[in-house]
Amino acid sequence: MKISARNQIKGTVKEIREGAVNAVVVICRGNHNPIKADITMESVKALGLEEGKECYAVVKATNVMFATSKIEGISARNQIEGKIVSVKEGAVNGHVTIEDADGAQISGSITNESIESLGLKEGGTAVAIIKATDVMVAVD
């Protein structure tokens, strides 16, 4: 699978919560921070998703937000805490990459202004925030 999305995190389907139109697919890749994806039931069937199946959580870097700590009372289902392993500023936007406790790396594209105002620096900690509707699921 070759795609342009920066985040392609391999895991295993832990649970599928089926609805009439959509399902929430819970993808585990270790002992911490499962990733939840909100996809259509049609996609669940087309991908042959079931508990225990290997898959990828795919997220574009532009769909990743960052905070300095977990946020209570937010609708985004994925809040993944990790160590900042890379900060690269460009002309206007930059890329921040964190590594979580299971070794998964998540990159986000945010403004340089946000990088500076949040004080994001290599070696620090941050929380990647991703809406479940922004997570795509792929299989080999």
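A quick note: this is a predicted structure, and the numbers were derived from the prediction, not measured.

Chemist: Break down the overall build of the protein chain for me, citing the residues and quoting the values.
Modeler: On a plain count of helices and strands, the protein chain comes out with two helices and 10 strands. A compact globule built from 140 residues would reach a C-alpha radius of gyration of about 14 Å, and the protein chain, at 15 Å, matches this within 12%. The C-alpha extent of the protein chain, read off along each of the three principal axes, is 45 × 35 × 25 Å. Buried residues in the protein chain amount to 42% of all 140 residues. Contacts in the protein chain between residues far apart in sequence, at least 24 positions, make up 62% of those at least 6 positions apart. As displayed, the protein chain has an accessible area near 7,700 Å², and 45% of this comes from carbon and sulfur atoms. Each charge sign in the protein chain was given a centre, from 16 positive and 18 negative side chains, and these centres are 2 Å apart.

Chemist: Please give an account of the sheet that holds strand E9 (residues 125-130) that cites residues and values.
Modeler: The strand order across the open sheet formed by five strands is E5-E9-E6-E7-E8, and the pairing between neighbours is antiparallel. Each having just a single partner strand, strand E5 (65-67) and strand E8 (105-111) make up the two edges of the open sheet. Neighbour-to-neighbour, the strand axes of this sheet turn through a mean angle of 45 degrees, independent of strand direction. Bridge analysis of E5 against E9 gives three bridges, and the strand direction is antiparallel. Looking across to E9, one finds that Ala-67 is bridged to Val-127.

Chemist: Tell me about the pairing of strand E6 (residues 78-89), and name the residues and values.
Modeler: Pairing analysis gives six bridges linking E6 to E9, with the strands arranged antiparallel. Its bridge partner being in E9, Lys-83 is matched across the sheet by Thr-125. Alignment of E6 against strand E7 (residues 93-99), held across six bridges, turns out to be antiparallel. Among the inter-strand pairings, Ser-86 is bridged to a residue of E7, identified as Thr-97. The turn linking E6 back onto E7 is made up of three residues.

Chemist: Tell me what's going on with the nonpolar core, and back it up with residues and numbers.
Modeler: Grouped together as the largest cluster of nonpolar side chains are 32 residues, with contacts concentrated most on Val-25, Leu-49, Phe-66, Ile-106 and Leu-120. In this structure Leu-49 touches Val-13, Ile-16, Val-25, Ile-39, Val-44, Cys-55, Val-137 and Val-139, once residues within four positions along its chain are discounted.

Chemist: An account of unusual backbone geometry is needed here, citing residue identities and associated values.
Modeler: Even without being a glycine, Asn-33 presents a positive backbone phi close to 45 degrees. If you trace the backbone, Asn-33 turns up in the loop between strand E2 (22-28) and strand E3 (35-40). Since its relative accessible area comes to 18%, Asn-33 is described here as buried.

Chemist: Outline the environment of Val-137, listing residues and values.
Modeler: The residue Val-137 is located in strand E10 (residues 136-138) in this model. By relative accessible area, which is 13% here, Val-137 ends up buried. Measuring from C-alpha to C-alpha, the distance between Val-137 and Cys-28 comes to 12 Å, with 109 residues separating the pair along the chain. If sequence neighbours within four positions are ignored, Val-137 has contacts with Ile-27, Ala-37, Ile-39, Leu-47, Leu-49, Cys-55 and Tyr-56.

The rules we used
- Residues numbered from 1 in each chain as written.
- Predicted model: local features only at pLDDT ≥ 70, side-chain atom pairs only at ≥ 80, totals over all residues.
- Heavy atoms only, no water.
- Helix = DSSP H or I, 4+ residues; strand = E, 2+ residues; numbered from the N terminus.
- Rg over C-alpha atoms; globule rule 2.2 N^0.38 Å.
- Buried < 20%, exposed > 50% of the residue type's maximum accessible area, 1.4 Å probe, protein only.
- Contact = heavy atoms within 4.5 Å.
- Areas by Shrake-Rupley, 256 points an atom, 1.4 Å probe, with all protein chains shown as cover.
- Lys, Arg positive; Asp, Glu negative; His and termini not counted.
- Charge placed at Lys NZ, Arg CZ, Asp CG, Glu CD.
- Pairing = 2+ DSSP bridges.
- Axes fitted to C-alpha atoms, helices over the stretch in contact; angles between N-to-C directions.
- Core = buried A, V, L, I, M, F, W, Y, C linked by side-chain atoms within 4.5 Å.

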